[in-house]
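# Architecture and fold: a report
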Amino acid sequence: MSYNLLKGKRGIIFGALDANSIAWKTAERVFEEGGTFVLTNAPIAMRMGQIDELAKKTNSEIIPADATNIEDLENLVAKATEILGGKLDFVLHSIGMSVNVRKGKHYTDQNYDWTAKGWDVSAVSFHKTMQTLYKQDAMNEWGSIVALTYMASQRVFPNYNDMADNKAYLESIARSFGYFFGRDKKVRVNTISQSPTATTAGQGVKGFDDFISYADKMSPLGNATALDCANYTVSLFSDLTKRVTLQNLYNDGGFSNMGVSDALIEKFSE
Ligand SMILES: NC(=O)c1ccc[n+]([C@@H]2O[C@H](COP(=O)([O-])OP(=O)(O)OC[C@H]3O[C@@H](n4cnc5c(N)ncnc54)[C@H](O)[C@@H]3O)[C@@H](O)[C@H]2O)c1
(Lines give C-alpha, C1' and ligand atoms only; values in the text may rest on other atoms or scores of the structure.)
Protein backbone atom coordinates (compact mmCIF):
# COMPACT_ATOMS: atom_id res chain seq x y z
CA MET A 1 0.00 0.00 0.00
CA SER A 2 1.23 3.50 -0.73
CA TYR A 3 0.32 6.73 1.05
CA ASN A 4 2.53 8.92 -1.16
CA LEU A 5 4.28 10.08 1.99
CA LEU A 6 7.56 10.82 0.22
CA LYS A 7 6.32 12.32 -3.01
CA GLY A 8 8.89 14.78 -4.37
CA LYS A 9 11.50 13.87 -1.76
CA ARG A 10 15.08 12.97 -2.69
CA GLY A 11 17.70 11.06 -0.78
CA ILE A 12 20.55 8.59 -0.41
CA ILE A 13 20.20 5.03 0.87
CA PHE A 14 23.34 3.30 2.17
CA GLY A 15 23.73 -0.41 2.81
CA ALA A 16 21.49 -2.47 0.51
CA LEU A 17 23.46 -5.68 -0.03
CA ASP A 18 20.79 -8.26 -0.87
CA ALA A 19 17.04 -8.71 -0.60
CA ASN A 20 17.33 -9.43 3.15
CA SER A 21 19.03 -6.12 3.91
CA ILE A 22 17.00 -3.64 5.92
CA ALA A 23 18.18 -0.96 3.46
CA TRP A 24 16.86 -3.01 0.53
CA LYS A 25 13.38 -3.19 2.05
CA THR A 26 13.59 0.50 2.88
CA ALA A 27 14.52 1.40 -0.71
CA GLU A 28 11.51 -0.57 -1.98
CA ARG A 29 9.16 1.17 0.46
CA VAL A 30 10.59 4.65 -0.15
CA PHE A 31 10.15 4.06 -3.88
CA GLU A 32 6.53 2.97 -3.35
CA GLU A 33 5.93 6.14 -1.33
CA GLY A 34 7.12 8.30 -4.23
CA GLY A 35 10.67 9.11 -3.07
CA THR A 36 13.62 9.18 -5.47
CA PHE A 37 17.12 8.26 -4.38
CA VAL A 38 20.64 7.18 -5.11
CA LEU A 39 21.77 3.80 -3.80
CA THR A 40 25.25 3.39 -2.40
CA ASN A 41 27.40 0.69 -0.89
CA ALA A 42 31.08 -0.16 -0.45
CA PRO A 43 32.71 -1.04 -3.81
CA ILE A 44 33.52 -4.54 -2.54
CA ALA A 45 29.91 -5.16 -1.47
CA MET A 46 28.71 -4.33 -4.97
CA ARG A 47 30.67 -7.18 -6.43
CA MET A 48 29.09 -9.58 -3.94
CA GLY A 49 25.59 -8.15 -3.80
CA GLN A 50 22.67 -7.80 -6.13
CA ILE A 51 22.24 -4.05 -5.91
CA ASP A 52 21.81 -3.68 -9.71
CA GLU A 53 18.52 -5.51 -9.46
CA LEU A 54 17.28 -3.11 -6.77
CA ALA A 55 18.43 -0.09 -8.80
CA LYS A 56 16.42 -1.29 -11.79
CA LYS A 57 13.31 -1.92 -9.71
CA THR A 58 13.45 1.51 -8.11
CA ASN A 59 14.68 3.55 -11.13
CA SER A 60 17.71 4.62 -9.16
CA GLU A 61 21.38 5.09 -9.88
CA ILE A 62 24.19 3.52 -7.89
CA ILE A 63 27.21 5.46 -6.69
CA PRO A 64 29.80 3.28 -4.94
CA ALA A 65 31.32 4.74 -1.77
CA ASP A 66 33.28 3.36 1.13
CA ALA A 67 31.53 5.15 3.98
CA THR A 68 34.82 5.49 5.89
CA ASN A 69 36.45 7.40 3.02
CA ILE A 70 35.84 11.16 2.95
CA GLU A 71 36.67 11.55 -0.76
CA ASP A 72 34.18 8.83 -1.65
CA LEU A 73 31.53 10.52 0.50
CA GLU A 74 32.19 13.96 -1.01
CA ASN A 75 31.87 12.50 -4.48
CA LEU A 76 28.70 10.63 -3.50
CA VAL A 77 26.92 13.64 -2.05
CA ALA A 78 27.95 15.97 -4.91
CA LYS A 79 26.90 13.45 -7.58
CA ALA A 80 23.66 12.48 -5.81
CA THR A 81 22.40 16.07 -5.64
CA GLU A 82 23.34 16.49 -9.29
CA ILE A 83 21.57 13.30 -10.43
CA LEU A 84 18.49 13.94 -8.29
CA GLY A 85 18.31 17.57 -9.32
CA GLY A 86 18.52 19.29 -5.96
CA LYS A 87 19.27 19.06 -2.26
CA LEU A 88 18.35 15.97 -0.27
CA ASP A 89 15.40 15.33 2.04
CA PHE A 90 16.42 11.99 3.53
CA VAL A 91 19.47 9.80 4.18
CA LEU A 92 19.53 6.26 5.55
CA HIS A 93 22.75 4.98 7.16
CA SER A 94 22.34 1.19 7.28
CA ILE A 95 25.93 0.07 7.76
CA GLY A 96 27.55 -2.22 10.28
CA MET A 97 30.52 -4.57 10.43
CA SER A 98 32.85 -5.87 13.15
CA VAL A 99 36.07 -7.56 12.10
CA ASN A 100 36.38 -9.13 15.56
CA VAL A 101 32.94 -10.73 15.14
CA ARG A 102 33.74 -11.85 11.61
CA LYS A 103 37.01 -13.47 12.63
CA GLY A 104 35.58 -15.03 15.78
CA LYS A 105 37.62 -12.94 18.23
CA HIS A 106 36.04 -12.85 21.68
CA TYR A 107 35.17 -9.52 23.33
CA THR A 108 37.84 -10.20 26.00
CA ASP A 109 40.51 -10.90 23.39
CA GLN A 110 40.11 -8.16 20.79
CA ASN A 111 42.52 -7.34 18.04
CA TYR A 112 42.49 -3.55 18.37
CA ASP A 113 43.29 -2.88 14.73
CA TRP A 114 40.09 -4.76 13.96
CA THR A 115 38.27 -2.94 16.76
CA ALA A 116 39.29 0.39 15.19
CA LYS A 117 38.22 -0.75 11.72
CA GLY A 118 34.79 -1.90 12.95
CA TRP A 119 34.34 1.35 14.88
CA ASP A 120 35.18 3.39 11.79
CA VAL A 121 32.79 1.41 9.55
CA SER A 122 29.93 1.06 12.03
CA ALA A 123 30.00 4.36 13.93
CA VAL A 124 32.39 7.05 12.66
CA SER A 125 31.09 6.56 9.10
CA PHE A 126 27.85 8.11 10.35
CA HIS A 127 29.71 11.20 11.52
CA LYS A 128 31.65 11.33 8.25
CA THR A 129 28.44 11.08 6.25
CA MET A 130 26.73 13.84 8.20
CA GLN A 131 29.81 16.08 8.17
CA THR A 132 29.97 15.75 4.39
CA LEU A 133 26.26 16.55 4.01
CA TYR A 134 26.60 19.47 6.43
CA LYS A 135 29.67 21.00 4.78
CA GLN A 136 28.20 20.71 1.29
CA ASP A 137 24.92 22.13 2.64
CA ALA A 138 23.28 19.22 0.83
CA MET A 139 20.19 18.76 3.01
CA ASN A 140 16.89 20.60 2.56
CA GLU A 141 15.27 22.19 5.60
CA TRP A 142 13.07 19.69 7.46
CA GLY A 143 15.07 16.83 6.00
CA SER A 144 15.59 13.64 7.97
CA ILE A 145 18.63 11.44 8.63
CA VAL A 146 18.25 7.94 10.12
CA ALA A 147 20.83 5.37 11.23
CA LEU A 148 20.12 1.84 12.41
CA THR A 149 21.22 0.54 15.77
CA TYR A 150 20.69 -2.29 18.20
CA MET A 151 19.74 -2.50 21.88
CA ALA A 152 23.16 -4.00 22.82
CA SER A 153 24.31 -0.36 22.91
CA GLN A 154 22.28 0.09 26.12
CA ARG A 155 22.15 -3.37 27.72
CA VAL A 156 24.42 -6.41 27.80
CA PHE A 157 24.16 -8.93 24.95
CA PRO A 158 27.42 -10.89 25.28
CA ASN A 159 27.67 -12.20 21.72
CA TYR A 160 27.21 -8.79 20.13
CA ASN A 161 30.87 -8.24 20.98
CA ASP A 162 32.44 -4.86 20.08
CA MET A 163 29.41 -3.95 17.95
CA ALA A 164 27.73 -3.04 21.26
CA ASP A 165 30.32 -0.31 21.81
CA ASN A 166 30.13 0.80 18.18
CA LYS A 167 26.36 1.18 18.45
CA ALA A 168 26.66 3.20 21.67
CA TYR A 169 29.03 5.53 19.84
CA LEU A 170 26.71 5.71 16.82
CA GLU A 171 23.74 6.69 18.99
CA SER A 172 25.81 9.39 20.65
CA ILE A 173 26.85 10.80 17.26
CA ALA A 174 23.16 10.99 16.29
CA ARG A 175 22.49 13.22 19.31
CA SER A 176 25.65 15.34 19.05
CA PHE A 177 25.51 15.98 15.31
CA GLY A 178 21.72 16.11 15.44
CA TYR A 179 21.97 19.18 17.63
CA PHE A 180 24.03 21.11 15.07
CA PHE A 181 22.04 19.82 12.12
CA GLY A 182 18.82 20.88 13.83
CA ARG A 183 20.07 24.27 14.96
CA ASP A 184 21.73 25.25 11.69
CA LYS A 185 19.76 23.46 8.96
CA LYS A 186 16.47 22.33 10.55
CA VAL A 187 17.35 18.72 9.79
CA ARG A 188 16.41 15.92 12.18
CA VAL A 189 18.66 13.02 13.13
CA ASN A 190 17.48 9.81 14.80
CA THR A 191 18.49 6.20 15.28
CA ILE A 192 16.09 3.27 15.05
CA SER A 193 16.88 0.44 17.43
CA GLN A 194 15.68 -2.59 15.52
CA SER A 195 14.81 -6.15 16.63
CA PRO A 196 17.28 -8.88 15.66
CA THR A 197 16.64 -9.49 11.94
CA ALA A 198 17.89 -12.29 9.69
CA THR A 199 20.32 -10.43 7.37
CA THR A 200 23.95 -10.93 6.38
CA ALA A 201 25.17 -8.60 9.14
CA GLY A 202 22.81 -10.14 11.72
CA GLN A 203 23.83 -13.71 10.99
CA GLY A 204 27.46 -12.92 11.85
CA VAL A 205 26.47 -12.84 15.52
CA LYS A 206 27.04 -16.16 17.34
CA GLY A 207 23.88 -18.10 18.26
CA PHE A 208 21.80 -15.65 16.26
CA ASP A 209 18.91 -17.97 15.35
CA ASP A 210 18.24 -18.95 18.98
CA PHE A 211 18.54 -15.35 19.92
CA ILE A 212 15.94 -14.28 17.35
CA SER A 213 13.48 -16.80 18.87
CA TYR A 214 14.26 -15.58 22.39
CA ALA A 215 13.62 -11.93 21.44
CA ASP A 216 10.44 -12.94 19.64
CA LYS A 217 9.11 -14.77 22.70
CA MET A 218 10.02 -11.87 24.95
CA SER A 219 8.23 -9.21 22.86
CA PRO A 220 4.46 -8.81 23.21
CA LEU A 221 4.19 -7.97 19.49
CA GLY A 222 6.99 -10.29 18.37
CA ASN A 223 10.14 -9.20 16.56
CA ALA A 224 9.96 -6.28 14.16
CA THR A 225 10.84 -7.43 10.62
CA ALA A 226 13.01 -5.65 8.07
CA LEU A 227 9.79 -4.47 6.42
CA ASP A 228 8.54 -3.05 9.74
CA CYS A 229 11.82 -1.16 10.01
CA ALA A 230 11.45 0.13 6.45
CA ASN A 231 7.96 1.41 7.26
CA TYR A 232 9.14 3.13 10.43
CA THR A 233 11.94 4.77 8.48
CA VAL A 234 9.46 5.99 5.85
CA SER A 235 7.47 7.66 8.63
CA LEU A 236 10.64 9.34 9.89
CA PHE A 237 11.46 10.57 6.38
CA SER A 238 7.94 11.94 5.97
CA ASP A 239 6.59 15.33 7.04
CA LEU A 240 4.53 13.63 9.76
CA THR A 241 7.49 13.48 12.17
CA LYS A 242 9.00 16.94 11.67
CA ARG A 243 10.00 17.62 15.24
CA VAL A 244 11.19 14.16 16.23
CA THR A 245 14.95 14.47 16.59
CA LEU A 246 17.95 13.38 18.74
CA GLN A 247 16.04 10.20 19.58
CA ASN A 248 16.92 6.55 19.78
CA LEU A 249 13.61 4.98 18.75
CA TYR A 250 12.81 1.35 19.50
CA ASN A 251 11.22 -0.71 16.75
CA ASP A 252 11.27 -3.98 18.62
CA GLY A 253 7.74 -5.23 19.38
CA GLY A 254 8.11 -3.99 22.97
CA PHE A 255 11.27 -5.99 23.83
CA SER A 256 13.17 -3.06 25.33
CA ASN A 257 10.69 -2.51 28.14
CA MET A 258 10.18 -6.16 29.04
CA GLY A 259 11.51 -8.00 32.09
CA VAL A 260 10.14 -11.43 31.35
CA SER A 261 7.19 -12.83 29.40
CA ASP A 262 4.78 -15.70 30.05
CA ALA A 263 6.10 -17.43 26.95
CA LEU A 264 9.64 -17.50 28.36
CA ILE A 265 8.58 -18.60 31.85
CA GLU A 266 6.70 -21.45 30.19
CA LYS A 267 9.88 -22.55 28.41
CA PHE A 268 11.66 -22.86 31.76
CA SER A 269 8.86 -24.82 33.40
CA GLU A 270 9.00 -27.44 30.61
N1 LIG B 1 20.18 -7.56 11.42
C2 LIG B 1 19.95 -7.22 12.66
O3 LIG B 1 19.65 -8.05 13.52
C4 LIG B 1 20.04 -5.78 13.06
C5 LIG B 1 19.44 -5.36 14.25
C6 LIG B 1 19.55 -4.03 14.62
C7 LIG B 1 20.28 -3.16 13.82
N8 LIG B 1 20.86 -3.61 12.67
C9 LIG B 1 21.63 -2.66 11.86
O10 LIG B 1 21.01 -2.48 10.62
C11 LIG B 1 21.99 -2.00 9.69
C12 LIG B 1 21.88 -2.78 8.39
O13 LIG B 1 22.28 -4.10 8.58
P14 LIG B 1 21.50 -5.34 7.96
O15 LIG B 1 21.08 -6.16 9.12
O16 LIG B 1 20.53 -4.91 6.96
O17 LIG B 1 22.69 -6.18 7.28
P18 LIG B 1 23.39 -6.08 5.83
O19 LIG B 1 24.59 -6.95 5.94
O20 LIG B 1 22.41 -6.40 4.77
O21 LIG B 1 23.81 -4.56 5.72
C22 LIG B 1 25.04 -4.04 6.21
C23 LIG B 1 25.60 -3.17 5.10
O24 LIG B 1 26.77 -2.45 5.50
C25 LIG B 1 27.54 -2.30 4.33
N26 LIG B 1 28.91 -1.86 4.59
C27 LIG B 1 29.87 -2.54 5.28
N28 LIG B 1 31.02 -1.84 5.26
C29 LIG B 1 30.78 -0.70 4.56
C30 LIG B 1 31.59 0.42 4.18
N31 LIG B 1 32.88 0.51 4.56
N32 LIG B 1 31.01 1.40 3.45
C33 LIG B 1 29.72 1.33 3.07
N34 LIG B 1 28.91 0.29 3.40
C35 LIG B 1 29.45 -0.71 4.13
C36 LIG B 1 27.47 -3.69 3.74
O37 LIG B 1 27.94 -3.76 2.41
C38 LIG B 1 26.00 -4.00 3.87
O39 LIG B 1 25.27 -3.55 2.74
C40 LIG B 1 23.33 -2.12 10.40
O41 LIG B 1 23.67 -0.87 10.98
C42 LIG B 1 23.02 -3.13 11.48
O43 LIG B 1 23.92 -3.05 12.56
C44 LIG B 1 20.74 -4.88 12.26
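Residues numbered from 1 in each chain as written. Predicted model: local features only at pLDDT ≥ 70, side-chain atom pairs only at ≥ 80, totals over all residues.

Named according to an unreviewed UniProt entry, the protein is Enoyl-[acyl-carrier-protein] reductase [NADH] originating from Ulvibacter litoralis. Reading the Catalytic activity (unreviewed entry) entry of the UniProt record for the protein gives the comment "a 2,3-saturated acyl-[ACP] + NAD(+) = a (2E)-enoyl-[ACP] + NADH + H(+)". (UniProt positions renumbered as here; feature names shortened; annotations may be inferred.)

## Digging into the UniProt feature "active site" (unreviewed entry) in the protein
Under the present numbering, the feature "active site" (unreviewed entry) in UniProt falls on Tyr 150 and Tyr 160. Relative to the assigned elements, Tyr 150 resides in the loop between strand S5 (139-149) and helix H7 (163-185). Sequence-distant contacts of Tyr 150, defined by excluding residues within four places in its chain, comprise Tyr 160, Lys 167, Ser 193 and Gln 194. When you line up the elements, Tyr 160 lands in the loop between S5 and H7. Since 23 C-beta atoms lie within 10 Å of it, Tyr 160 is described here as buried. Discounting chain neighbours no more than four positions away, the residues touching Tyr 160 are Tyr 150, Ala 152 and Val 205. (Helix = DSSP H or I, 4+ residues; strand = E, 2+ residues; numbered from the N terminus. Contact = placed C-beta atoms within 7 Å. Buried ≥ 20, exposed ≤ 12 C-beta atoms within 10 Å, placed from the backbone.)

## Concerning the UniProt feature "binding site: NAD(+)" (unreviewed entry) in the protein
UniProt tags Gly 15, Ser 21, Ile 22, Ile 95 and Lys 167 as "binding site: NAD(+)" (unreviewed entry). Position of Ile 22 among the secondary structure elements: in helix H1 (residues 22-32). Among all residues touching Ile 22, those that are not within four sequence positions of it are Ser 94, Leu 148, Gln 194, Thr 197, Thr 199, Ala 226, Cys 229 and Ala 230. One can find Lys 167 in helix H7. Note on Lys 167: 25 C-beta atoms within 10 Å, which makes it buried.

## Observations regarding the site of the ligand
In the vicinity of the ligand lie 27 residues, with Ser 21, Ala 45, Gly 96, Ala 201 and Gly 202 positioned nearest. For the shell around the ligand, the elements supplying multiple residues, two or more each, are H1, S5 and helix H8 (200-203). If you tally residues by element for the shell around the ligand, the top one is H8, at 3 residues. When grouped by side-chain class, the residues that make up the shell around the ligand number 14 nonpolar, 12 polar and 1 charged. (Near = placed C-beta within 6 Å. Nonpolar A, V, L, I, M, F, W, Y, C, P; charged D, E, K, R; others polar.)

## Topic: the sheet that holds strand S1 (residues 10-14)
Strand order in the open sheet formed by 7 strands is S3-S2-S1-S4-S5-S6-S7, and the pairing between neighbours is parallel. Whereas interior strands pair on both sides, the edge strands pair on one side only; in this sheet they are strand S3 (61-62) and strand S7 (248-251). Where S1 lies against strand S2 (residues 36-40), 5 bridges are found, and the strand directions are parallel. Directly across from Arg 10, in S2, lies its bridge partner Thr 36. Docked against the sheet, H1 engages S1, S2, strand S4 (88-93), S5 and strand S6 (188-194), running at close to 160° with respect to S1. (Pairing = 2+ DSSP bridges. Axes fitted to C-alpha atoms, helices over the stretch in contact; angles between N-to-C directions.)

## A closer look at the nonpolar core
Of all hydrophobic cores here, the largest spans 56 residues; its most connected members are Ile 12, Ile 13, Ala 16, Ala 23, Ala 27 and Leu 39. When residues of this core are assigned to their parent elements, the largest contribution, 7 residues, is made by helix H10 (residues 226-237). Once you skip the residues sitting within four places of it in the chain, Ile 12 turns out to touch Phe 37, Val 38, Thr 40, Leu 76, Ala 80, Leu 88 and Val 91. (Core = buried A, V, L, I, M, F, W, Y, C linked by C-beta atoms within 7 Å.)

## Overview of the environment of Ala 168
The topology assignment puts Ala 168 in helix H7. The sequence separation of Ala 168 and Met 218 amounts to 50 residues, and the corresponding C-alpha distance is 23 Å.

## A word on the packing of helix H6 (residues 112-135) against H7
Viewed as axis vectors pointing N to C, H6 and H7 meet at an angle of 10°, and their least axial separation amounts to 8 Å. Between H6 and H7, the crossing angle belongs to the class labelled roughly parallel. Residues Gly 118, Trp 119, Ser 122, Ala 123, Phe 126, His 127, Met 130 and Tyr 134 of H6 form the contact with H7, whose participating residues are Met 163, Asn 166, Tyr 169, Leu 170, Ile 173, Phe 177 and Phe 181. In terms of residue class, the contact of H6 with H7 is made up of 11 nonpolar, 4 polar and no charged. (Parallel < 35°, antiparallel > 145°, perpendicular 65-115°, else oblique.)

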